[in-house]
Amino acid sequence: LAGRLSTAIEAGLILTLALLAIFWIIPAQTDGDGNGLRAADLPTACAVIIALLVLADSVLRFVDSPAPSIERGQAGSSRVVSGAILVCILAAVAVQFLGVAATSAIMIAALMILLGERSVLRVVLTTVTTTLVIASALRWIG
Amino acid sequence: MDALMLGFTDALSPSAVLFVFLGVLLGYVIGVLPGLNRPAALAVAIPLSYYMGPVSAVGFLIGIAKASGAGGATTAILINVPGEPNAVATCIDGYPMARAGQGQKALKIALYSSVLGDIFGTVALIALAQPLAMLALHVGPVEMTGIMLISLTFIAALAEGSVFKSMAAGVGGILFATVGTDIETATPRLTFGQIELFDGVPLLAVTVGMLALSEMFIQIEELKKNSDQPQAVVNHEEDRRLRWGEFVRIAPTVGRSSVLGVLVGLLPGLGPTIASFASYALAKKIAGPDDKFGEGEPKGVAAAETADNAVVPASFIPLFALGIPGSVSAALLVGALTIHGVVPGPRMFETHARVVYGIYGAMLLASLLMLIVGRLGLVGFASLTRVPPTIIIPVVVALCIAGAYLESRSLFSVQLMVAFAVLGYVMHKRGYSRVTFLIGFIVGPLLELSLRQSIILLKGDVSSLLKYPVALALIVAAVGLFCLFVRASRKRS
């Protein structure tokens, strides 16, 4: 049931996005009639094709396959991945205030600790060395 | 002839030699380090190539692409961990050889086979790309549209998982490629008022995000699932020498696998994994009574490694001749070439002949350096397998952020790259091919141009397609192939 539910949610989400793109986003964000193809034609065609392919895949999945089993220990790894994604998103925001080198330093240390690195020496050495390399590269390139 | 001489002179200039050497060295290190793979390494390295000349830049990237394949054999042989799917076939006989005290011999076989396969693939590229490009110059936009459709179908169908999802990922790539100023009407399209998007979605944000950063998220997941780190096999009484007789014994396998690798590389989408498995299967099928495949047979290692490395240069043939990237490495090379004002495709041989010959020279140089660096660092590289992923992953993530920033000195690029990384990770989790997405994104503008020209030529009348039998046949074949692959994948599941 879990597998079928996630397939249905995935299909529903993509179909909603495709419909939004076809009826709202693409018409609002395109302008102009070209020769042969209008500016909106290819993006619209792509959105329609994606919707049809995902729909076909979901239908076949419902007909063909049994629900996949959930792997043991997956929740733990998902938490760490979510943490890493969060660190990257925060880094993408922080980079405009702190700059690339300082953000990299904080991010490396945070990720190493998140991944389970407990040797302070390793964390410090890796952070300092990588930050120095990045800062030198930025300076060298100008 | 002048262009040929000038191109080879460019390839042998001190700066080009240095960058090719650095590429090969970096490629070996990346190949050996657990968790890093060829596409991720190339994606991270592209921003560095911005500041090099075109021949040095492409030579540097090709050095990485070639050597990472050869370096990947080290972990496959010594710790039975394939860094990439294409090294799985190497594990089958490489690891038993290491366990039997022949680890260094297996590494030497892998190295020599890789170099020979690579040289064969490079020679095939030099011999075939230009004649094919001359033919391609006579291909009109209608036929070009057909070629692109069939190539995309092939690439999507051969990706892992559902054919529908892979195809949807490819079309998604095309959709993202439509962002930016419309090539015909010069009006902004899907830019949401962001000036940074007027030139389109930055290629580097897509490649680094989709291939490198999202790959790190996947590696974190794998790391947490399999927390036991395998140890390298150490045997102090090793049979290290590769004797001439042994080399002669594996030579026919190397020859056959080189040809097979080139044939696989020519077809878009097949890639090194299929080449190495097909080559291993062929070697096993024609094995003699003394060959013990699966129990440490040197021919098994040679077959997998030769084909794996012959594919890389051969997959550039469709790129140079038609402008269509047949593999993820070729797709990433498009980015590097475009940055330097070189548009891959048949006209490249007329407009940038010197650069093309320079690239050929750099590729041959990379093959030679691969042999030297690989042979000298045979033992040293093996020790790199001990670097823990808790160090590698954060460093690569930081390099991704710095690389995305370097492209346009814009924080928008960094944010976009992180967004694409999250998208890539979600796509991986849900079985959508990131490689197909990327190839769709790169081919997108070319496809739109051909499609527009085709519609003008056909005057919007589909029945006029009958006047273009080759294009019609290609489109019918694309649809037929799609149906065939759907049927095959349903049978498999």
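Residues numbered from 1 in each chain as written. Chains lettered and ligands numbered in written order. Predicted model: local features only at pLDDT ≥ 70, side-chain atom pairs only at ≥ 80, totals over all residues. Heavy atoms only, no water.

**Concerning the overall build of chain A**
Link 1 in the chain: Helices and strands together make up the secondary structure of chain A, namely five helices and zero strands.
Link 2 in the chain: N-terminal to C-terminal, the α/β element order of chain A is α-α-α-α-α.
Link 3 in the chain: Counting all 142 residues of chain A, 37% fall into the buried class.
Link 4 in the chain: Per element, the accessible surface of chain A, about 8100 Å² overall, is 70% carbon and sulfur. (Helix = DSSP H or I, 4+ residues; strand = E, 2+ residues; numbered from the N terminus. Buried < 20%, exposed > 50% of the residue type's maximum accessible area, 1.4 Å probe, protein only. Areas by Shrake-Rupley, 256 points an atom, 1.4 Å probe, with all protein chains shown as cover.)

**A short note on a nonpolar patch on the surface**
Link 1 in the chain: A contiguous nonpolar patch, built from I89(A), V93(A), F97(A), L98(A) and I106(A) and spanning about 510 Å² of accessible area, is present on the exposed surface.
Link 2 in the chain: The element best represented in the nonpolar patch is helix 3 (residues 74-98) of chain A, accounting for four residues. (Patch = residues over 30% accessible without salt bridge, like charges linked within 9 Å, V, L, I, M, F, W, Y side chains within 5 Å. Salt bridge = Lys/Arg side-chain N within 4 Å of Asp/Glu carboxyl O.)

**A short note on the confidence of the model for chain B**
All names here are of chain B.
Link 1 in the chain: Taken residue by residue, chain B gives an average pLDDT of 84. The fraction at 70 or more is 94%.
Link 2 in the chain: Mean pLDDT values for the elements of chain B range from 75 in helix 16 (residues 378-383) up to 93 in helix 7 (residues 163-177).
Link 3 in the chain: The ipTM value of the predicted complex is 0.91, and its pTM value is 0.81. (pLDDT = per-residue confidence, 0-100.)

**With respect to the confidence of the model for chain A**
Link 1 in the chain: Within chain A, residue pLDDT values average 85, and 87% of them lie at 70 or more.
Link 2 in the chain: Mean pLDDT across the elements of chain A ranges from a minimum in helix 3 of chain A, with 86, to a maximum in helix 4 (residues 100-114) of chain A, with 92.

**As for the interface of chain A and chain B**
Link 1 in the chain: Taken together, the contact pairs 61 residues of chain A with 60 residues of chain B.
Link 2 in the chain: Summing the contributions of chain A and of chain B, the shared interface buries around 5200 Å²; its carbon and sulfur component is 75%.
Link 3 in the chain: Ranking the residues of chain A by area buried against chain B places Q29(A), L53(A) and L115(A) at the top, with a combined share of 12%.
Link 4 in the chain: For the interface between chain A and chain B, the tally reads two salt bridges. (Contact = heavy atoms within 4.5 Å. Buried area = accessible area lost by both parts, 1.4 Å probe.)

**Quick notes on the nonpolar core**
Link 1 in the chain: Judged by nonpolar contacts, the single largest core of 149 residues is most densely connected at L213(B), F217(B), F316(B), F320(B), L333(B) and M417(B).
Link 2 in the chain: Once residues lying within four places of it in the same chain are set aside, the contact partners of F217(B) are V81(A), A84(A), I85(A), C88(A), A421(B), V422(B) and Y425(B). (Core = buried A, V, L, I, M, F, W, Y, C linked by side-chain atoms within 4.5 Å.)

**Here's the deal with the packing of aromatic side chains**
Residue and element names in this part refer to chain B.
Link 1 in the chain: According to the stated counting rule, one finds eleven aromatic pairs over all chains in the structure shown.
Link 2 in the chain: When the centroid spacing of 6.4 Å and the interplanar angle of 50 degrees are considered together, the rings of F420 and F437 count as tilted. With F420 in helix 18 (residues 411-429) and F437 in helix 19 (residues 434-458), the pair connects residues that are 17 residues apart, well separated along the chain. You'll find F420 and F437 in the same group, each marked buried.
Link 3 in the chain: An aromatic cluster is present here, built from F316, F320, Y357 and Y360 joined pairwise through their rings. (Phe/Tyr/Trp six-rings, centres within 6.5 Å; stacked < 30°, edge-to-face > 60°.)

**Focus: the environment of T436(B)**
All names here are of chain B.
Link 1 in the chain: Counting through the fold element by element, T436 comes out in helix 19.
Link 2 in the chain: Taking the relative accessible area as the measure of exposure, T436 reaches 1% and is therefore buried.
Link 3 in the chain: Sequence-wise, T436 and A159 are 277 residues apart; in three dimensions their C-alpha atoms are separated by 7.4 Å.
Link 4 in the chain: Every residue in contact with T436, bar those within four places of it in the chain, is listed here: I155, A156, A159, S166, A169 and G170.

**Some remarks on the side chain of S433(B)**
Residue and element names in this part refer to chain B.
Link 1 in the chain: Inspection of the secondary structure puts S433 in the loop between helix 18 and helix 19.
Link 2 in the chain: Given a relative accessible area of 10%, S433 falls into the buried group.
Link 3 in the chain: From its side chain, S433 meets the backbone nitrogen of V435 in a polar contact 3.4 Å long.
Link 4 in the chain: Filtering out sequence-adjacent residues up to four positions away, S433 remains in contact with A159, S166, A169 and M427. (Polar contact = N/O pair within 3.5 Å; in protein donor to acceptor, adjacent residues only side chain to side chain.)

**What to know about the pattern of salt bridges**
Residues and elements named next belong to chain B.
Link 1 in the chain: The tally for this structure, following the rule as stated, stands at 19 salt bridges over all chains.
Link 2 in the chain: The salt bridge involving R189 is made with E448; its shortest N-O contact spans 2.9 Å. You can see R189 sitting in strand 2 (residues 188-189) and its partner E448 sitting in helix 19, a full 259 residues away along the chain.
Link 3 in the chain: Of the charged contacts in the structure, one is a salt bridge between D291 and K299, with a shortest N-O distance of 3.0 Å. Assigned by exposure class, D291 and K299 land together as buried.

**What to know about the packing of helix 2 (residues 14-32) of chain B against helix 15 (residues 353-376) of chain B**
Two numbers describe a pair of packed helices, the interaxial angle and the distance between the axes.
Residues and elements named next belong to chain B.
Link 1 in the chain: Packing of helix 2 against helix 15 brings their axes to within 9 Å, and their N-to-C directions diverge by 50 degrees. Considering the angle they form, helix 2 stands oblique to helix 15. For the crossing formed where helix 2 meets helix 15, the hand is right-handed. For the pair helix 2 and helix 15, contact is made by V17, V20, F21, V24, L25 and Y28 and by A362, L365, A366, L369, M370, V373 and G374, respectively.
Link 2 in the chain: For the contact of helix 2 with helix 15, the class distribution of residues is twelve nonpolar, one polar and no charged. (Axes fitted to C-alpha atoms, helices over the stretch in contact; angles between N-to-C directions. Parallel < 35°, antiparallel > 145°, perpendicular 65-115°, else oblique. Left-handed = near helix turned anticlockwise from the far one by under 90°. Nonpolar A, V, L, I, M, F, W, Y, C, P; charged D, E, K, R; others polar.)

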